[in-house]
Amino acid sequence: MTRFARSTGLIAVAAFVVLGAACSKKPAAQTTPEPTPTPDVTSTPISVAAAPTPRPQPTPAATPSVLTESLANISGYLNPAFFDLDRADIRPDAKDVLGANAEFLRKYPTIKVTVEGHCDERGTREYNMALGQRRASSAKEYLISLGIDASRLTIVSYGKERPFCTEHDETCWQKNRRAQFTVTSK
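These figures come from a predicted structure and were not determined experimentally. (Residues numbered from 1 in each chain as written. Predicted model: local features only at pLDDT ≥ 70, side-chain atom pairs only at ≥ 80, totals over all residues. Heavy atoms only, no water.)

The next subject is the sheet that holds strand β3 (residues 153–159). With mixed pairing, the 4 strands of this open sheet are ordered in space as β1-β4-β2-β3. Edge positions in the open sheet fall to β1 (81–82) and β3, since each of these has one partner strand only. Across 2 bridges, the pairing between β1 and strand β4 (residues 178–185) is antiparallel. If you follow Ala81 over to β4, its bridge partner there is Ala179. (Pairing = 2+ DSSP bridges. Helix = DSSP H or I, 4+ residues; strand = E, 2+ residues; numbered from the N terminus.)

Right, here's the structure in full:
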C-alpha cells in the first residue's frame with residue numbers, strides 16, 4: 001500500500017506540473033519596427049540661403065481669454081491705486097493706474113469688481129473704516145467717469161484690518177493706503 005500511495009502522489013505532482021505549464025501565459029512576440037530609409041543626401045541639392053518658414057501670427061480668436069482663468073488670477077490684472085496720508089482724492093499716478101484698470105474692464109464687460117478701501121495702521125479703527133470707504137468710493141467714481149458701468153462696481157472698506165505690508169515705517173504704510181480691486185464675477 002505504501003507503494004500505491006507513493007505512485008499516486010507522484011502522479012498527482014506530475015499532473016499539477018503539466019497543468020501549470022499548460023496554463024502559463026506565453027510571452028508576447030516582440031516585433032522590431034522596420035528601419036526607416038535614410039534619404040540620399042548626395043542627390044538632394046543644398047540651399048544655402050533658404051529662409052525659415054514664417055510662423056503664423058496668433059489671431060484674437062486663437063488667443064486664450066482671460067475669462068478662462070480663476071477670479072483670483074483675473075484680479076491680478078487690476079492694479080491698486082495708492083493714496084496720500086489721510087486723503088481720499090485721486091493722485092496723478094493713481095489716475096494712470098485707474099485708467100489702465102478701466103481699459104481692462106472695458107475689454108471684458110462681463111467682469112464685476114469690488115473696490116476695497118484700505119488704510120495704514122495709524123488712526124482709530126472707526127476713522128480708518130470711514131477713510132477706507134471714502135477711498136473705495138473715490139476710486140469707483142473715477143472708474144465711472146471713465147465709462148465703467150456703476151452696476152459692475154461695489155465698494156467695501158477694510159480700514160486697517162487687512163494690511164498689505166506689516167512693517168511699521170512710512171514705506172510700508174504707503175503700500176497700505178490703497179484701493180484694491182477684487183474680481184467677484186466674470
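Resuming the write-up.
Among the structural elements, His118 can be located in strand β2 (residues 112–118). His118 sits in the buried class, given a relative accessible area of 1%. Distance in space between the C-alpha atoms of His118 and Arg135 is 7.6 Å, their sequence separation being 17 residues. Setting aside residues no more than four positions away along its own chain, His118 makes contact with Gly132, Arg135, Tyr158, Gly159, Arg162, Asn176, Arg177, Arg178 and Gln180. Looking at His118, its side chain comes within polar contact range of the side chain of Glu116, at 3.0 Å. (Buried < 20%, exposed > 50% of the residue type's maximum accessible area, 1.4 Å probe, protein only. Contact = heavy atoms within 4.5 Å. Polar contact = N/O pair within 3.5 Å; in protein donor to acceptor, adjacent residues only side chain to side chain.)

Our next topic: helix α4 (residues 125–145). With 21 residues, α4 should cover 30 Å at 1.5 Å per step; its first-to-last C-alpha distance of 30 Å lies within 8% of that length. Among the residues of α4, those classed as buried are Asn128, Leu131, Gly132, Arg135, Ala136, Ser138, Ala139, Lys140 and Leu143. At its buried positions, α4 is contacted by α3 (92–107), β2, β3 and β4. (Expected span 1.5 Å × (residues − 1).)

A separate point is α3. The end-to-end C-alpha separation of α3 is 23 Å, in line with the 22 Å expected for 16 residues at 1.5 Å each. Restricting attention to buried positions, one finds in α3 the residues Ala94, Leu98, Asn101, Ala102, Phe104 and Leu105. One side of α3 carries all its buried residues, which in axial view fall inside an arc of 160 degrees. Facing away from the buried side of α3 by over 90 degrees, the exposed positions are Pro92, Asp96 and Lys107. Contact partners of the buried residues in α3: α2 (71–75), β1, β2, α4, β3 and β4. (Arc of directions from axis to C-beta.)

What follows concerns the confidence of the model for the protein. For the protein, the average pLDDT comes to 78, and 66% of its residues sit at 70 or higher. Scored below 50 in pLDDT, residues 41–63 makes 1 contact in the model with residues more than four places away or belonging to other chains. (pLDDT = per-residue confidence, 0-100.)

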